[in-house]
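# Observations on the three-dimensional arrangement
Chain residues, written in single-letter form:
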Number of protein chains: 2
Amino acid sequence: MVTFDENKILSNGEYIYKQRAEIERIADCVCEKGFENLLFTSSGGSLAMMQPFDYMISAMSGMEVCSQVAGDLLLTGNNRLTEKTLVFMASKSGDTKETVEAARYVKERGAVIVSVLGVEDSPLGELSTYSVVFKNGRPQELVLLLLIGRILYRKGFFDDYMQFADELGNLPAALVSVGKASDLKAREYALKYKDAPYQIWIGSGNLWGPVYSFAMCVLEESLWMRTKSVSSPEFFHGTIELMEKGVCVALAMTEGPTRPLDERVKKFILKYGEQVTVFDTADYQLPGISDRFRWMLSPVVINAVLSRISKNLEEMKAHSLEIRRYYRRVDY
Amino acid sequence: MVTFDENKILSNGEYIYKQRAEIERIADCVCEKGFENLLFTSSGGSLAMMQPFDYMISAMSGMEVCSQVAGDLLLTGNNRLTEKTLVFMASKSGDTKETVEAARYVKERGAVIVSVLGVEDSPLGELSTYSVVFKNGRPQELVLLLLIGRILYRKGFFDDYMQFADELGNLPAALVSVGKASDLKAREYALKYKDAPYQIWIGSGNLWGPVYSFAMCVLEESLWMRTKSVSSPEFFHGTIELMEKGVCVALAMTEGPTRPLDERVKKFILKYGEQVTVFDTADYQLPGISDRFRWMLSPVVINAVLSRISKNLEEMKAHSLEIRRYYRRVDY
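Criteria and thresholds
- Residues numbered from 1 in each chain as written.
- Chains lettered and ligands numbered in written order.
- Predicted model: local features only at pLDDT ≥ 70, side-chain atom pairs only at ≥ 80, totals over all residues.
- Heavy atoms only, no water.
- Helix = DSSP H or I, 4+ residues; strand = E, 2+ residues; numbered from the N terminus.
- Rg over C-alpha atoms; globule rule 2.2 N^0.38 Å.
- Buried < 20%, exposed > 50% of the residue type's maximum accessible area, 1.4 Å probe, protein only.
- Contact = heavy atoms within 4.5 Å.
- Least-squares fit on C-alpha atoms with pLDDT ≥ 70 in both.
- Pairing = 2+ DSSP bridges.
- Axes fitted to C-alpha atoms, helices over the stretch in contact; angles between N-to-C directions.
- Buried area = accessible area lost by both parts, 1.4 Å probe.
- Salt bridge = Lys/Arg side-chain N within 4 Å of Asp/Glu carboxyl O.
- Polar contact = N/O pair within 3.5 Å; in protein donor to acceptor, adjacent residues only side chain to side chain.
- Nonpolar A, V, L, I, M, F, W, Y, C, P; charged D, E, K, R; others polar.
- Phe/Tyr/Trp six-rings, centres within 6.5 Å; stacked < 30°, edge-to-face > 60°.
- Lys NZ or Arg CZ within 6 Å of the ring centre and 35° of its normal.
- Parallel < 35°, antiparallel > 145°, perpendicular 65-115°, else oblique.
- Left-handed = near helix turned anticlockwise from the far one by under 90°.
- Expected span 1.5 Å × (residues − 1).
- Right-handed = clockwise from strand over helix to strand, strands pointing away.

### Quick word on the overall build of chain A
Each helix and strand counted, chain A has 13 helices and nine strands in total. Taken over C-alpha atoms, the radius of gyration comes to 19 Å for chain A, in line with the 20 Å a tight globule of 332 residues would show. With the C-alpha coordinates aligned to their principal axes, the bounding extent of chain A is approximately 55 × 45 × 40 Å. Put simply, chain A has 332 residues, and 64% of those count as buried. Residue pairs in contact within chain A that sit at least 24 positions apart in sequence constitute 77% of those at least 6 positions apart.

### Observations regarding the relation of the copies chain A and chain B
For the pair chain A and chain B, the best superposition has an RMSD of 0.0 Å and corresponds to a rotation of 180 degrees with a translation of 0.0 Å parallel to the axis. The transformation just described matches what one would write down for a two-fold rotation axis. By C-alpha distance to the rotation axis, the residue of chain A lying nearest is A:Lys228, at 2.6 Å. Comparing contact sets, 100% of the residues at the interface of chain A also lie at the interface in chain B, consistent with an isologous, same-surface contact.

### Thoughts on the sheet that holds strand β8 (residues 248-253) of chain A
Residue and element names in this part refer to chain A. Within the open sheet, the four strands sit side by side as β7-β6-β8-β9. Their pairing is parallel. With partners counted over all chains shown, the strands left at the sheet margins are β7 (227-231) and β9 (275-280), one partner each. The mean angle between the axes of side-by-side strands here comes to 20 degrees, regardless of whether they run parallel or antiparallel. Here helix α9 (residues 171-193) sits on the sheet in contact with β6 (199-203), β8 and β9, set at roughly 155 degrees to β9. Contacts from helix α13 (residues 294-316) reach β6, β8 and β9, with the element oriented near 140 degrees to β9.

### Some words on the interface of chain A and chain B
Listed as interface residues are 59 residues of chain A and, on the opposing side, 59 residues of chain B. Counting the surface lost from both chain A and chain B, the interface buries some 5600 Å², and carbon and sulfur atoms represent 53% of this. Summed over the three residues of chain A that lose the most area to chain B, namely A:Arg226, A:His237 and A:Glu241, the buried surface amounts to 15% of that side. Applying the counting rule to chain A against chain B returns eight salt bridges. Across the salt bridge formed by B:Arg80 and A:Glu64, the nearest N and O atoms sit 3.8 Å from each other. Linking chain A to chain B there are 28 residue pairs in polar contact (both at pLDDT 80 or more). For the side of chain A that touches chain B, the elements supplying multiple residues, two or more each, are α3 (44-60), α4 (70-76), α10 (208-220), β7, α11 (232-235) and α12 (259-272) of chain A. Its residues placed into classes, the side of chain A that touches chain B shows 29 nonpolar, 16 polar and 14 charged.

### Quick look at the packing of aromatic side chains
The tally for this structure, following the rule as stated, stands at 43 aromatic pairs over all chains. Ring geometry for B:Phe158 versus B:Phe164: centroids 5.2 Å apart, planes at 45 degrees, classification tilted. Per residue, the accessibility class of B:Phe158 equals that of B:Phe164, and both read buried. An aromatic cluster of at least three residues, connected via ring pairs, comprises A:Phe235, A:Phe236, A:Phe268, A:Tyr272, B:Tyr326 and B:Tyr332. For A:Lys155, the ring lying beneath its charged end belongs to A:Phe35, and the centroid distance is 4.6 Å. Taking the ring centre of A:Trp224 as reference, the NZ or CZ of A:Arg325 above it sits at 3.8 Å.

### Examining the packing of helix α2 (residues 20-33) of chain A against helix α7 (residues 141-154) of chain A
All names here are of chain A. Their axes nearest at 9 Å, the elements α2 and α7 cross at an angle of 40 degrees. With respect to their mutual orientation, α2 and α7 come out oblique. Read as a crossing pair, α2 and α7 show a hand that is right-handed. Within the contact between the two elements, α2 uses Arg20, Ile23, Glu24, Ile26, Ala27, Asp28, Val30, Cys31 and Glu32 and α7 uses Val143, Leu146, Leu147, Arg150, Ile151 and Arg154. A class-by-class count of the residues in the contact of α2 with α7 yields nine nonpolar, no polar and six charged.

### Focus on α7(A)
Residue and element names in this part refer to chain A. Its 14 residues place the ends of α7 19 Å apart at the C-alpha level, agreeing with the 20 Å of an ideal helix rising 1.5 Å per residue. Of all 14 residues in α7, 12 are buried, a share of seventy percent or more. Among all positions in α7, only Glu141, Leu142, Val143, Leu144, Leu145, Leu146, Leu147, Ile148, Gly149, Arg150, Ile151 and Leu152 are buried. Of the residues flanking the end of α7, it is glycine 156, one or two places downstream, whose phi is positive at about 90 degrees.

### What about the side chain of A:Asp280?
Residue and element names in this part refer to chain A. Position of aspartate 280 relative to the elements: it lies in strand β9. For aspartate 280, a relative accessible area of 7% corresponds to the buried category. Here the side chain of aspartate 280 touches alanine 282 through a polar contact of 2.9 Å, landing on its backbone nitrogen.

### Overview of the pairing of strand β2 (residues 65-69) of chain B
Residue and element names in this part refer to chain B. As judged from the five bridges shared by strand β1 (residues 37-42) and β2, these two strands associate in the parallel manner. Its bridge partner lying in β2, serine 42 is registered against valine 69. Once you follow β1 into helix α3 (residues 44-60) and on to β2, the crossover reads as right-handed.

### Section: the pairing of β9(A)
All names here are of chain A. The element β9 is largely enclosed, with a buried count of five among its six residues. Across six bridges, the pairing between β8 and β9 is parallel. Its bridge partner lying in β9, methionine 253 is registered against aspartate 280. Between β8 and its parallel partner β9, the chain crosses via α12, and the hand of that crossover is right-handed.

### Observations concerning the environment of A:Ser298
All names here are of chain A. One can find serine 298 in helix α13. A relative accessible area of 0% means that serine 298 is categorised as buried. When the C-alpha atoms of serine 298 and alanine 250 are compared, they prove to be 16 Å apart, with 48 residues separating the residues in sequence. Aside from chain neighbours lying at most four places away, what touches serine 298 is Asn206, Leu207, Thr254, Glu255, Gly256 and Thr281.

### Thoughts on the environment of A:Lys194
Residue and element names in this part refer to chain A. Here lysine 194 is to be found in the loop between α9 and β6. We classify lysine 194 as partly exposed; its relative accessible area is 22%. Filtering out sequence-adjacent residues up to four positions away, lysine 194 remains in contact with Met225, Leu313, Met316 and Lys317. At 3.2 Å, the side chain of lysine 194 forms a polar contact with the side chain of aspartate 195.

### Digging into α12(A)
Between its first and last C-alpha, α12(A) extends 20 Å over 14 residues, near the 20 Å set by a 1.5 Å rise per residue. Regarding α12(A), the residues found buried are A:Arg259, A:Leu261, A:Asp262, A:Arg264, A:Val265, A:Phe268 and A:Ile269. Summarising the contacts, the buried residues of α12(A) are in contact with β6, α11, β8 and β9 of chain A together with α4 (70-76) and α5 (97-108) of chain B.

Have a look at this one:
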C-alpha cells in the first residue's frame, strides 16, 4: 500500500481522542451558557468537513442550524446571527482570510465561537471563545463527533452518547482497517481513471460534504482533475443525461437516512453506465463500533476510502498532492 | 436572432403580471394566518429557481428560512417543519414524483403550502393550500417576486414594495431588451464553446440558483454538455487550480450584495485564464426599473442572457433542448 502508515494513523487518532475531556468540557460550557441557534461557517474543505455535523444536528434534534460560506456571511450577513448564536468554525492553517474575517464579524456580534484548528497561535484561534487544536491529529471530524455528540447529549437528543464516545476510542484502528480493506478497489479506480478527462461524483445526506470536498479539494485542487459533484437526489434532475459510454461515474453510499437516494442512483448508473464505481461505507467492518452508530461515521469511513484513491493517484500520476499553481501562491 | 419571439415574451410576462392581485391576496392570507418560519422545497431546476427568494428573504429580513431538496426532506425530515411553517413549492409539470411526495409529507404535518405550477389540475396543485398557475407565463420568477415581495412588505421588511410591484409591469419589456442586447455576446459564446469538452460556471448570492440550474438543467440535461458549477467564494478553494489554457470558464455577475465575490473571481480568471467569458447583469439596461430594485432582478436578467446562449447552442449544435435520453423516459 502506498503512503499508508498504520502507526501514524493510530497515533494521529489518539492525539485527538486524548483531548476528549477537554472537548466535552467545551461542549458543557456552551450548553450551560445557552444558545438559540447554531451556525457552521468557514471556507472550502473546512466547511465541507463540518457539513455532516449540520446534518447530524438536523437529523437528531429540533435545533435551528445552518451552514454558510464565510465569504457569503461577510457580504450578505446572516439574518439569524445574534449574541445567542453558537458558531463553529474550522481552518487547518488557522489563517484562511475570509474565515478569519468572518470570525471577526461574528465576534463583533457577540456570538460564541468554537473553532477546530490545525495549529496553535493562529488568528482564528485568537478570535475564538474556545478552540481545539488537532495539529497532526486525524481525522479532524473526531473533534466534532465528540463536540457535537456531547452537545446533542446535553440537550437531550443523544442518550447513548457516552457509549458512542467510548467507542470512538476504537475509531482510529477501525479506519486503519477501512484503509486496508478498500485499498485494492481504490487502486483499481485510480489505475482505470487516472487520465479520465472528467469524473462525476455523487453522494447524499451526510456524505454530501465529503463528496463535494473530495471533488473540489482533492481531485481539482490537488490533482488538477476535472470533476462534477452532484447530490444523489439532484443527479436525476439534469446530470443524469450525461450518462453515456466513457463517462466516469462514482457513487459514495452513506449508511445514514438518505441511503435510499443512493440506492436509486446505484441502480440507475449500473444499468446505464459503463465506467461506474460504487464506494459503499456499509462494505467496511468497523471493529469496536456498534451498528447503531455506524451512520454517523459514514463520513470518516468514506474519507478513509477516498484517501486511498488520492494516495494511489498521487503515486500513479507522479503528482504530489501538495503542489498548487495558485492557491496561497499568488494574490487574488 | 434565433428562437426569439418578442411578442411572445411580452404576452408570457403579461400572463403572470395580470395575476398580481390574486398573488398579493395569497401573500396577505398567509401573513394574516401567521407563520414562524419558511421553507422552500422541490427538486432540481424548480428549487434552484426559488433559491434567489430564499436569498432575498435572508438578505432583507430576520425571518427563519431554509431550502431543502424534496428527496432529502422525505428521508431526513426537516427538524424545523411544523404546522406553523410556510412552505413554497414549484413544479412545471405539477407531478414531479419526489416533489409531490414532499407536498404530501408537508401537508400531513399541517403546514400551509403555496405552489407555483405550470399546469392546472396537477397532483401538487391538489395538495397545495394556494397555488399560482403560470402556464405559458414567463419568467416563473415573476410569481415569486410578487409573492415574496408582498410578504416582506407585509412583515415590514420592504417598504417600497408597492412601487417595486408597479415597476414589475415593465419587466417583460425589460427582458426583451436584455435578450436583444445580450444575443451577440451569447452567440459568440455558443459559437466558441459549442464543442467544449467541459465548462466551468461560476456565480454567487442570488445568482447561485440560476448558475447551478443553467449548468445542470440546460447544459447537462438539455444539451448533454459536461459542466462544473461552483460559487464565487468557493471557486478559490479548489476549482481555481483547474485554470489553464483550454478550459472554458464563465462567470455570471450579480448586482446583489455578493458582487465583490464575483469581482474577485473576474479579476483572477481574466488574469490567469484564456477562454474566459463574463456575463454581468449590470451591463444591461432595464427600462422602467429603478436602480435600487435591480439587484433583486439579477436572477431574471441573467436567465434572459443565459437563454440566449441555450437558444444559440440549440441551433448551432442542431440539438433540440427538448430531447432527453432518460429523464421521464425510463424508470428509475
